[in-house]
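Residue-level structural notes
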There are 2 protein chains.
Amino acid sequence: MVSKPKSDIEIAREARLKPIEEIAAKLAIPADRLYRYGPTKAKIDLGYIASLKDRPDGRLILVTAMSPTPAGEGKTTTTVGLGDGLNRIGRKAMICLREPSLGPCFGMKGGAAGGGHAQVVPMEDINLHFTGDFHAIAAANNLLAALIDNHIYWGNEIGIDTRRVSWRRVVDMNDRALRQIVSSLGGVANGYPREDGFDIVVASEVMAIFCLATDLEDLTARLGRIVIGYTRDRRPVRAAELMAAGPMTALLRDALMPNLVQTLENNPALVHGGPFANIAHGCNSVIATKAALKMADYVVTEAGFGADLGAEKFFDIKCRKAGLAPDAAVLVATVRALKMHGGVAKADLGQENVAAVEAGLANLGRHIANVRKYGVPLVVGINGFTGDTEAEVAAVLEFCRAQGVDCFLNRHWAEGGKGIEAMAARVAELADSGQSNFKPLYPDGMRLAEKIRTVARSIYGAEDIAFDATVAKRFEQLEADGFGNFPVCIAKTQYSFSTDAAARGAPSGHIVPVREVRLSAGAEFVVAICGDIMTMPGLPRVPAANAIHVNEKGEIEGLF
Amino acid sequence: MVSKPKSDIEIAREARLKPIEEIAAKLAIPADRLYRYGPTKAKIDLGYIASLKDRPDGRLILVTAMSPTPAGEGKTTTTVGLGDGLNRIGRKAMICLREPSLGPCFGMKGGAAGGGHAQVVPMEDINLHFTGDFHAIAAANNLLAALIDNHIYWGNEIGIDTRRVSWRRVVDMNDRALRQIVSSLGGVANGYPREDGFDIVVASEVMAIFCLATDLEDLTARLGRIVIGYTRDRRPVRAAELMAAGPMTALLRDALMPNLVQTLENNPALVHGGPFANIAHGCNSVIATKAALKMADYVVTEAGFGADLGAEKFFDIKCRKAGLAPDAAVLVATVRALKMHGGVAKADLGQENVAAVEAGLANLGRHIANVRKYGVPLVVGINGFTGDTEAEVAAVLEFCRAQGVDCFLNRHWAEGGKGIEAMAARVAELADSGQSNFKPLYPDGMRLAEKIRTVARSIYGAEDIAFDATVAKRFEQLEADGFGNFPVCIAKTQYSFSTDAAARGAPSGHIVPVREVRLSAGAEFVVAICGDIMTMPGLPRVPAANAIHVNEKGEIEGLF
């Protein structure tokens, strides 16, 4: 290559963005139902969205992926590219994405608004404060935290056990120093010292609630049902007892309107909400997805991490709870990631290695089988890299043929929607085919431990789950308290089907240890922690922040 | 009274707000230089503001007040009313206010966007997230905090003394549990445990810097100069050494554009920035004030607390540093507050008590004399309450006449701009008269302790200041490090000229103890702490949050 390839931010800056009113007009949204944030971002009025309820729904298409590796998969770029591709072939399509978390922008990850010629824009805004949704969520979370300690300070009428407060504070920053703290030090005026800690905003239950709520009323009800901890005699204490649901809703009112932006090809995108995909369900808001289904014929959305975590939660939590029935799925793979799953080190990814690709296909194969268990028809989309060789790609195509799955080599990163038209046509066809027969993996009525066992065996290929008496007692308590009908939200490493991050490919016969169980009573799921789950990342030795600045033209540099 | 008077939020909701483009048009701001946040809020492009630099400046009018009491003074309502009054009498006027802090809305204070018929709107938005400025300031503050602990974690090459890190984290919430914490607990992966704490956002030096910066470049330079703590051998460590200024500026870029809203009478208002008036200088942003002076003939702005704290800092910090020369001042008084300064308890304020008013006038008199020391002509504005008696008001008018100061009984709270026209006419006349001969109280070159002594004697009526050897050494160190030419920012109780909050009226001959000295190297002032200064409020037993909620129409209730 002669010239250096352009960075994401350079490509984004060259884009000809249309005024957001024009994007809205493509969806027939009247300009006066938009709540604009500058010229190219807008929130859509919730009353307007509610007024669409009698329209038929469009087709729902999930983009998920094989198990992630440091080589990168490109789930977001595929989602953006597919949306653009569908529009290019004359379909009325829009995409739904999660909002990026601000904290990681300054750490290792950089931005999260797609890449290359498959991005949502304005990328700097989307990656930084955007429309302030995450700040609102942080404020709501921290108001509840302040109300808890304030209640204790003024006499603790409810009898909250200060050792059993599970509600943590949040900040949208990678800040390891806040993971574990002792708060309320300094004497009588500052309250009762206790162990406490901060999570990053995306790990907050408020984020999960925000993304599962169907309207303001449901949001308030869910916020009120949050269990913040226990009394000394183990009675769960709800946020409603602290009168927190009202002011928390007031803080979240504007944020709950979904955010409309555009792709580089000026197609509409809703970017709204962004919970973690381990301790939460990892999908954009239900409000955005449902609104999109009323406004477009095809809605492409993504779920976090690989299909074992992201798609499983999309199906078993989001779709189950929101009454959504996906019509088709795309499983994203890269030759590079397949090679890593086949045992190649990151430094050697530049070398052709067909045998490694073939070995790594076991990972893809397991994910294909898993998606089929939900009754959703799928295709595989290879996110093409310039270094991929013909023989390597051929190995993937051959494997998929044997599995009876259509597979496409996509070039959306380099070419935008044009590079993914063939897959777009097939996905539209699949979505329209009526083949989908979606059903969640387990029924609501199954015991909690059995739900986890079902996911572990069916999706992870595990032999069984394991847990000690404390966890067993916790399951019993949760069922006794009436939370037994919740779906489970399993938090484990995203890098492997097992709980060992280093076990690539498709390990099986392993045991999944359930180390801890947490209740998200407002979000309505029970979190099973299986392994070390980080709810507050740290910054690396050389943080991405070092390169971020505003140039003399007032443009933000260093986001990638 | 037969019917219950309307609440601020009810009055605000009945207002006929104009689209923000129409308000901007009154100032000849082109619509494409607005960055809209919904229909009635917008930020104004900094490039546009810079393009106005050759226009002549309008007149600058400061609204300040006597020493505050629980009876309330109405500085913000007077500022709003005076702006409306000036417009009513045909002057092209706009106002500049501070943004309210979100935290206190849920505590005791309620909203801070004026009151009655003298408000800026949309009041719910302004009181809650507004355009996200405070969230951006919090993020910038907390990014620096994370970078500090991250630097220490990865080997501490700079050699930061973990016992001498003065940079604290912030949150926009009244949360006493965070005043004093121990952070980085939990083992090796979480860093080195140390004592730490959170302030409320408005107490952050980033807020002060934000409000004193003249443009993005100056903002970056100031952020880089922040001293975050010291090395073991007492060398000050700057934020620039942590490469923090670039990403902090990126976080603040959009926030730095001033926010345009409107009064209930559809007159333009800039509401931008909001530092504390004790440990910081308590005024809206320099960028907003300077922009307003280019766009309007009369700019009315306010400073925090009473004139001893707010006006002193407005004059000696903001005007000195920004090269502003105020043309006139309004000193706000209420009969109720005068009675409290005259010794009446809050419960007895309903009774006529002319003697108490007369006794309390000593407080007003001291403030009148103080403002005159800066060479700025002034009037007194009585913020009228329905319970004030004719005899009480007459006592105030008589006192002011004796002092040679015009005094007006204003009714803007009940009547809007119509109720303050007479004062508006006189203020415009004073501002146009060329009488103002503004000069700060002390020269830059004066020693730090001497600057504090000068303010204490001249403004507070104190006999002297007092400090121990530690503080003396700190002054010497700061002067040796090159910070001796900074103005001083004195943090003391706002309720008294002395450091005893209970000493009402006009105490004199007291000693002002300087207990601690802090450096705000980026904001460019030295803070002298004289008394107990709270940088993180707590919530009361029954927080205002309890009543805040969203009603069935989607409107926010309970803000007052």
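Residues numbered from 1 in each chain as written. Chains lettered and ligands numbered in written order. Predicted model: local features only at pLDDT ≥ 70, side-chain atom pairs only at ≥ 80, totals over all residues. Heavy atoms only, no water.

For the rest of this paragraph, the subject is the pairing of strand β23 (residues 516-520) of chain A. All names here are of chain A. One ladder, built from five bridges, connects β23 with strand β24 (residues 525-529); its direction is antiparallel. Residue pairing for β24: Leu519 is matched across the bridge by Val526. The antiparallel pairing of β23 with β24 creates a hairpin that spans four residues between the two strands, and Glu524 there sits at a positive phi of about 70 degrees. (Pairing = 2+ DSSP bridges. Helix = DSSP H or I, 4+ residues; strand = E, 2+ residues; numbered from the N terminus.)

The next thing to look at is the domain arrangement of chain A. Residues and elements named next belong to chain A. One can read the domain layout of chain A as domain 1 (8-128 + 257-432), domain 2 (134-252) and domain 3 (448-530). Taken together, the contact between domain 1 and domain 2 spans 24 residues of the former and 17 residues of the latter. Applying the counting rule to domain 1 against domain 2 returns zero salt bridges. There are five residue pairs in polar contact (both at pLDDT 80 or more) connecting domain 1 and domain 2. Looking at the side of domain 1 that touches domain 2, the elements that each hand over two or more residues are α5 (102-105), α11 (286-295) and α12 (307-322). Class assignment for the residues of the side of domain 1 that touches domain 2 results in 13 nonpolar, nine polar and two charged. (Domains from an automatic or database assignment. Contact = heavy atoms within 4.5 Å. Salt bridge = Lys/Arg side-chain N within 4 Å of Asp/Glu carboxyl O. Polar contact = N/O pair within 3.5 Å; in protein donor to acceptor, adjacent residues only side chain to side chain. Nonpolar A, V, L, I, M, F, W, Y, C, P; charged D, E, K, R; others polar.)

With that settled, consider the interface of chain A and chain B. Taken together, the contact pairs 65 residues of chain A with 65 residues of chain B. The contact between chain A and chain B buries some 5500 Å² in all, and 63% of this surface belongs to carbon and sulfur atoms. The largest contributions to the chain A side of the interface with chain B come from Arg36(A), Trp154(A) and Arg176(A), which together make up 11% of the buried area. Between chain A and chain B we count four salt bridges in total. One salt bridge in this structure joins Arg169(A) and Asp175(B), with 2.8 Å as the shortest N-O distance. Mapped onto the side of chain A that touches chain B, the elements with two or more residues apiece are β1 (34-36), α7 (133-153), β8 (169-171), β9 (181-183), α10 (245-252) and β25 (549-550) of chain A. Sorting elements by how many residues they give to the side of chain A that touches chain B places α7(A) first, with ten residues. (Buried area = accessible area lost by both parts, 1.4 Å probe.)

With that settled, consider the packing of aromatic side chains. What characterises a pair of aromatic rings is the spacing of the ring centres plus the angle enclosed by the ring planes. Going through the model one piece at a time under the given rule, you end up with 16 aromatic pairs over all chains. The interplanar angle of 50 degrees and the centroid separation of 5.6 Å between the aromatic rings of Tyr35(A) and Tyr37(A) together place this pair among those described as tilted. The same class applies to Tyr35(A) and to Tyr37(A), which are both buried. Ring plane angle 45 degrees and centroid distance 5.6 Å describe the contact between Phe483(B) and Phe486(B), whose orientation is recorded as tilted. (Phe/Tyr/Trp six-rings, centres within 6.5 Å; stacked < 30°, edge-to-face > 60°. Buried < 20%, exposed > 50% of the residue type's maximum accessible area, 1.4 Å probe, protein only.)

With an RMSD of 0.0 Å, chain A superimposes on chain B once it is rotated by 180 degrees and translated 0.0 Å along the axis. Here the copies are linked by what is in effect a two-fold axis. Among all residues of chain A, the one whose C-alpha sits closest to the rotation axis is Tyr37(A), at a distance of 2.2 Å. (Least-squares fit on C-alpha atoms with pLDDT ≥ 70 in both.)

This part is about the packing of α7(A) against α10(A). Residue and element names in this part refer to chain A. Interaxial distance between α7 and α10 falls to 8 Å at its minimum, and their mutual angle equals 165 degrees. Comparing the axis directions of α7 and α10 gives the class roughly antiparallel. Between α7 and α10 the crossing geometry is right-handed. On α10, the residues touching Ala136, Ile137, Ala139, Ala140, Leu143 and Leu144 of α7 are Pro247, Met248, Leu251 and Leu252. The residue inventory of the contact of α7 with α10, partitioned by class, reads ten nonpolar, no polar and no charged. (Axes fitted to C-alpha atoms, helices over the stretch in contact; angles between N-to-C directions. Parallel < 35°, antiparallel > 145°, perpendicular 65-115°, else oblique. Left-handed = near helix turned anticlockwise from the far one by under 90°.)

Leaving glycine out, the prevailing phi sign among residues is negative, and the prevailing peptide bond configuration is trans. Following Val121(A), the chain continues to Pro122(A) via a peptide bond in cis, the omega torsion being 5 degrees. Locating Pro122(A) in the fold gives a position in the loop between β6 (118-121) and α6 (123-127). The phi angle at Phe130(A) is positive, at roughly 50 degrees, despite the residue not being glycine. Of note, Phe130(A) is situated in the loop between α6 and α7. Of the residues examined, Phe130(A) reaches a relative accessible area of 7% and is grouped as buried. With a phi close to 60 degrees, Ser184(B) is a non-glycine residue in the positive phi region.

With that out of the way, let us pick up the pattern of salt bridges. Any two side chains of opposite charge can pair if their charged atoms end up close together. Residues and elements named next belong to chain A. Scanning all chains against the criterion turns up 80 salt bridges over all chains. Between Asp464 and Arg457 there is a salt bridge, and its shortest N-O distance comes to 3.6 Å. With relative accessibility at 42%, the residue Arg457 sits in the partly exposed group. Between Asp532 and Arg515 there is a salt bridge, with its nearest N and O atoms 3.4 Å apart. A residue pair is termed long-range when its members are at least 10 positions apart, and Asp532 in the loop between β24 and β25 and Arg515 in the loop between β22 (511-513) and β23 qualify at 17 residues.

Time to look at the UniProt feature "binding site: ATP" (unreviewed entry) in chain A. All names here are of chain A. The UniProt record annotates "binding site: ATP" (unreviewed entry) at Thr69, Pro70, Ala71, Gly72, Glu73, Gly74, Lys75 and Thr76. Structurally, the position occupied by Gly74 is in the loop between β3 (59-65) and α4 (75-88). Excluding residues that lie within four positions of it along the chain, Gly74 makes contacts with Val332 and Asn383. Here Lys75 is to be found in helix α4. (UniProt positions renumbered as here; feature names shortened; annotations may be inferred.)

Before going further, it helps to spend a moment on the side chain of Arg169(B). Structurally, Arg169(B) can be placed in strand β8 (residues 169-171). Among the polar contacts made by the side chain of Arg169(B), one reaches the side chain of Asp175(A) at a distance of 2.8 Å.

The subject of this paragraph is the sheet that holds strand β21 (residues 488-491) of chain B. Residue and element names in this part refer to chain B. Ordered in space as β21-β24-β23, the three strands form an open sheet in which the pairing is mixed. The strands lining the two open edges of the sheet, one partner per strand, are β21 and β23 (516-520). If you compare each strand with its neighbour and ignore which way they point, the axes differ by 25 degrees on average. Across the sheet, helix α12 (residues 307-322) is in contact with β21 and β24 (525-529); its angle to β21 comes to roughly 170 degrees.

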